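# A look at the structure
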Amino acid sequence: MGIPEVREWIPGLPEELGLECLTRLPYSAHPVASRVCRPWRSLLESKEFYHHRKRNGYTRKVACLVQASSGAVTLESNELKSNTASYRIAVFDSVSGTWEWLDLIPKYPNGLPMFCQLGSCEGKLVVMGGWDPATYKPVTDVFVYEFTTCRWRRGREMPSRRSFFAIGSSGSRVYVAGGHDESKNALKSAWVYDLRRDEWTELTQMSRERDECQGVVVGDEFWVVSGYGTASQGAFEGGAEVLDLGSGRWRRVDGAWEEGQCPRACGGGVWRDGRLVSWAELGPAVRVGTRGVDLGCRVLVMGSEYDGANQGIFVKEGQNGKLEKPCESVIKSTPSRRLLSYSHPQFSNSRKMAPSLSQTITDLSDLTDFVINKGNGVKGLSQMGLKSLPKQYIQPVAERMSMNIAKLSEESIPIIDMSNWEDPKVTESICNAAEKWGFFQILNHGVPIEVLEHVKEATHKFFELPAEEKCKFSKEYSPSNNVRFGTSFSPEAEKALEWKDWLSLFYVSEDEASAHWPPACKAEVLEYMKRTDILIKRLLEILMKRLNVTEIDKTNEALLMGSKRINLNYYPVCPNPELTVGVGRHSDVSTLTVLLQDYIGGLYVRAGTTTDEDSWVHVPPLEGSLVINIGDALQIMSNGKYKSVEHRVVANGSKTRISVPIFVNPRPSEVIGPLPEVLGSSGEKHCISRFCILTMSSISSVRLMMERVQLILPNSEGKSTTASK
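Throughout this document, residue positions are counted from 1 along each chain, in the order its sequence is written. Totals for whole chains, interfaces and linings use every residue, but because this is a predicted model, local features are given only for residues with pLDDT of at least 70 and side-chain atom pairs only at 80 or more, for both listing and counting. Side-chain measures were taken over the full set of non-hydrogen atoms in the model, leaving aside hydrogen atoms and water.

Within strand 7 (residues 142-146), five of the five residues are buried, which leaves it mostly tucked inside the rest of the structure. The two faces of strand 7 match: Val142, Val144 and Glu146 on one face and Phe143 and Tyr145 on the other face are all buried. A strand pair is defined by DSSP finding two or more bridges across the two strands. Each helix is a run of DSSP H or I of at least 4 residues and each strand a run of E of at least 2, with the numbering of both proceeding from the N terminus. Sheet topology note: the strand 6 (residues 124-128)/strand 7 ladder contains five bridges and is antiparallel. Across the sheet, residue Leu125 finds its bridge partner in strand 7, namely Tyr145. Summarising the sheet, strand 7 and strand 8 (residues 151-154) pair through four bridges and their orientation is antiparallel. Paired with Val144 across the strands is Arg153, a residue of strand 8. Hairpin geometry of strand 7 and strand 8 is characterised by an intervening segment of four residues between the two adjacent antiparallel strands and by a positive phi of about 60° at Cys150. Throughout, exposure labels follow a simple rule: accessible area from a 1.4 Å probe, protein chains only, divided by the maximum for the residue type, with under 20% read as buried, over 50% as exposed, and the rest as partly exposed.

With that settled, consider a negative patch on the surface. Residues Glu541, Glu551, Asp553 and Glu677 make up a contiguous surface patch of negative charge. Relative to the assigned elements, Glu551 resides in the loop between helix 12 (522-546) and helix 13 (554-561). For Glu551, a relative accessible area of 58% translates into the label exposed. Like charges within 9 Å and nonpolar side chains (Val, Leu, Ile, Met, Phe, Trp, Tyr) within 5 Å are joined into patches, using only residues over 30% in relative accessible area that form no salt bridge. Per-residue and other accessible areas were derived by the Shrake-Rupley procedure at a 1.4 Å probe size, with only the shown protein chains allowed to occlude residues. Salt bridges are defined as contacts in which a side-chain nitrogen from Lys or Arg sits within 4 Å of a carboxyl oxygen from Asp or Glu. Two residue types count as positive, namely Lys and Arg, and two as negative, namely Asp and Glu; His and chain ends fall outside the count. Charged side chains are reduced to one point each, which is NZ for Lys, CZ for Arg, CG for Asp and CD for Glu.

With that settled, consider the pattern of salt bridges. Applying the stated criterion across every chain, the model contains 28 salt bridges. Measuring nitrogen to oxygen at the nearest pair gives 3.5 Å for the salt bridge that ties Lys655 to Glu20. Of the two residues, Lys655 is situated in the loop between strand 36 (647-649) and strand 37 (657-665) and Glu20 in helix 1 (residues 15-23); the sequence distance between them amounts to 635 residues. For the pair shown, Lys655 and Glu20 are each scored as buried. Linked by salt bridges that have partners in common, Arg208, Arg210, Glu237, Glu241, Arg252 and Asp254 make up one network.

Let's shift gears to the environment of Leu323. Among the secondary structure elements, Leu323 is positioned in strand 22 (residues 323-324). Along the sequence, Leu323 and Leu282 sit 41 residues apart, while their C-alpha atoms lie 7.9 Å from each other. Non-local contacts of Leu323, meaning those with residues more than four positions away in its chain, are made with Leu282, Gly283, Val286, Val301, Phe314, Val315 and Lys316. Contacts are assigned to residue pairs that have any heavy atoms within 4.5 Å of one another.

Of all five residues making up strand 28 (residues 483-487), four are buried, and the element is well covered by its neighbours. With five bridges connecting them, strand 28 and strand 29 (residues 501-507) associate as antiparallel partners. For Val483, the partnering residue across the bridge sits in strand 29 and is Leu505.

Here we come to the packing of aromatic side chains. Two measures describe an aromatic ring pair: the distance that separates the ring centres and the angle between the ring planes. Pairing of aromatic rings covers Phe, Tyr and the six-membered ring of Trp, with a centre-to-centre limit of 6.5 Å; geometry is then stacked below 30 degrees between planes, edge-to-face above 60, and tilted otherwise. One pass over the structure, following the stated rule, counts 17 aromatic pairs. A ring pair is formed by Tyr228 and Phe236, whose centres lie 5.0 Å apart and whose planes are at 80°; its orientation type is edge-to-face. Grouping residues by exposure puts Tyr228 and Phe236 together as buried. Ring plane angle 70° and centroid distance 5.9 Å describe the contact between Phe462 and Phe485, whose orientation is recorded as edge-to-face. Taken together, the residues Phe462 in helix 9 (residues 449-463) and Phe485 in strand 28 connect sequence positions 23 residues apart. Just as Phe462 is buried, Phe485 falls in that class too. Among the aromatic residues, those joined into a cluster by ring pairs are Phe462, Phe463, Phe473, Phe485 and Tyr570.

Now the structure itself:
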């Protein structure tokens with residue numbers, strides 16, 4: 001279910017423009033906007049609108065902290081009335097550097113339940129359990145805070161009373177496990193709360209009891225770290241139980257935490273190399289009573305130098321950054337023992353930037369460290385709210401594509417309805433498009449819409465992982481040469497970088513993919529690749545028949561589609577899109593490329609019929625469509641009959657774009673030249689000059705050489721020789 005269609009979100013404006021205005025509303029304006037009219041309120045409160053804002057870069061992470069006051073706080077005056085400690089939720093925005101209190105829960109006007117737990121779901125804050133501040137008895141209350149309306153609502157109560165349990169959230173669900181019951185018996189049971197359905201479901205039990213354990217969600221897994229059993233109170237173990245969120249099965253992992261150390265006393269920690277590392281290890285200033293919140297490209301860390309000292313509050317950039325104090329808090333530092341728990345929901349806000357952040361990327365070494373070595377990518381730069389583009393991304397004037405001066409053709413690439421594959425008009429349209437344009441869009445192609453949507457969601461899911469998680473798949477740390485996370489195209493060699501992050505997955509086998517591909521996107525990408533297999537083969541059969549190849553046998557199959565690579569591309573919002581590119585002009589080295597793009601747009605193809613060599617055609621996104629383009633390999637095999645055409649992607653100043661291309665390639669060991677059936681008995685000659693131009697001027701030639709694919713070219717005597725392409 002998507003965003004509902006409304007004729008006029010704002011009177012006098014088209015629907016799309018009105019929706020864009022509401023999407024850009026700062027978070028602080030949402031409570032007022034939700035009272036304007038019912039459609040606005042329904043929109044602002046919907047999960048679809050939350051995900052719409054998230055996809056377009058208008059949400060960001062904040063830290064929600066349960067923090068102690070020196071006395072009870074009443075609803076009427078918001079003043080301290082006694083010496084009894086009470087607890088409230090403070091929200092810290094690391095980008096603007098500001099703090100604010102959330103309203104108190106109506107059931108608890110004198111402060112939150114002690115030791116309550118926080119979770120975050122789809123931009124909402126969830127408060128669970130704890131002890132009644134008046135009676136000190138465990139409670140089963142669940143409350144949900146709507147940032148849009150600034151109001152609390154009740155959720156379905158927890159199935160049983162438990163204290164000091166592990167908690168973690170993913171999507172619309174909150175997972176709880178372990179802790180102890182009212183009789184102080186450690187628990188091994190686990191439950192999941194579905195925020196959308198407002199219901200609890202019991203999960204399979206863990207293998208052992210775990211009291212005072214720590215929960216953390218990593219990718220598609222819920223980790224319950226350390227804890228102890230009823231008979232071994234206080235003896236914290238070093239292992240963890242891991243729940244696969246897809247299958248619902250638990251597995252045990254040893255060495256996930258330092259044995260004998262309470263993970264809750266250390267506020268959990270940062271996930272590093274398959275284990276939870278205490279936040280206290282980040283520096284001597286936070287070695288006591290440490291708490292931390294992962295905010296994506298930075299973390300908020302709190303702690304003291306020694307017992308009894310006031311807490312310091314710091315922001316740390318990336319995995320290897322230094323602890324730096326943010327702007328002054330409106331909340332006074334409190335003793336470390338009173339800072340209990342934390343979470344980090346996302347919500348919309350204006351894109352402001354603290355000045356100190358932009359100062360961290362003033363030279364190439366700093367930028368390389370932040371973007372590449374620490375795995376933040378250009379997404380990390382975009383989230384910093386930069387007002388100007390780093391000079392390393394400014395492209396030469398000749399490579400830019402300003403919409404004000406670009407020569408845009410009024411033509412469009414063909415759009416072909418594939419409902420009836422056997423229709424001669426369909427096959428003719430495909431071949432004509434391959435000859436004239438080298439690009440075409442197809443509809444009703446047989447790949448289910450839900451499969452396309454799932455792989456797009458999985459792409460966002462991967463790139464929303466913490467930098468430390470994505471960095472595990474970088475060149476230096478990836479478990480396989482077939483899996484690679486990176487940014488730009490070749491940042492080590494390029495003079496000007498491209499505004500793009502990517503994950504490249506070379507398909508060898510399903511077993512290899514299952515073992516090494518990122519869990520955040522593995523299942524969806526594999527399903528998408530399976531569903532496109534028939535489509536790819538049918539397209540190649542149609543194209544081959546025009547080249548007099550009547551059947552794709554095993555030999556031809558290895559030559560045409562012997563290997564596949566799929567890329568997940570992420571183009572975040574850019575501060576100066578007119579100065580850079582998402583991807584520079586290039587042609588693909590593939591036989592065919594099958595491209596799935598979202599609704600943002602930005603792909604341009606060199607015009608196929610105009611005499612102006614610098615005229616470009618926009619490829620508009622069509623719901624449910626796939627874009628097909630001919631690659632260099634097929635142009636060569638067809639002896640130039642089919643065209644491999646240059647294309648490019650522009651950067652976007654207001655929206656995040658994703659795309660998912662499948663590159664269908666020859667087997668790396670194949671030798672490529674014009675097919676014998678193309679030359680045939682007619683004596684058709686090799687198009688040497690055309691291939692030479694492609695070899696010398698195309699960026700793709702470098703890529704193909706890296707894949708070790710070879711091209712047979714006739715030498716001056718007409719004999720075949722082998723040349724790298």
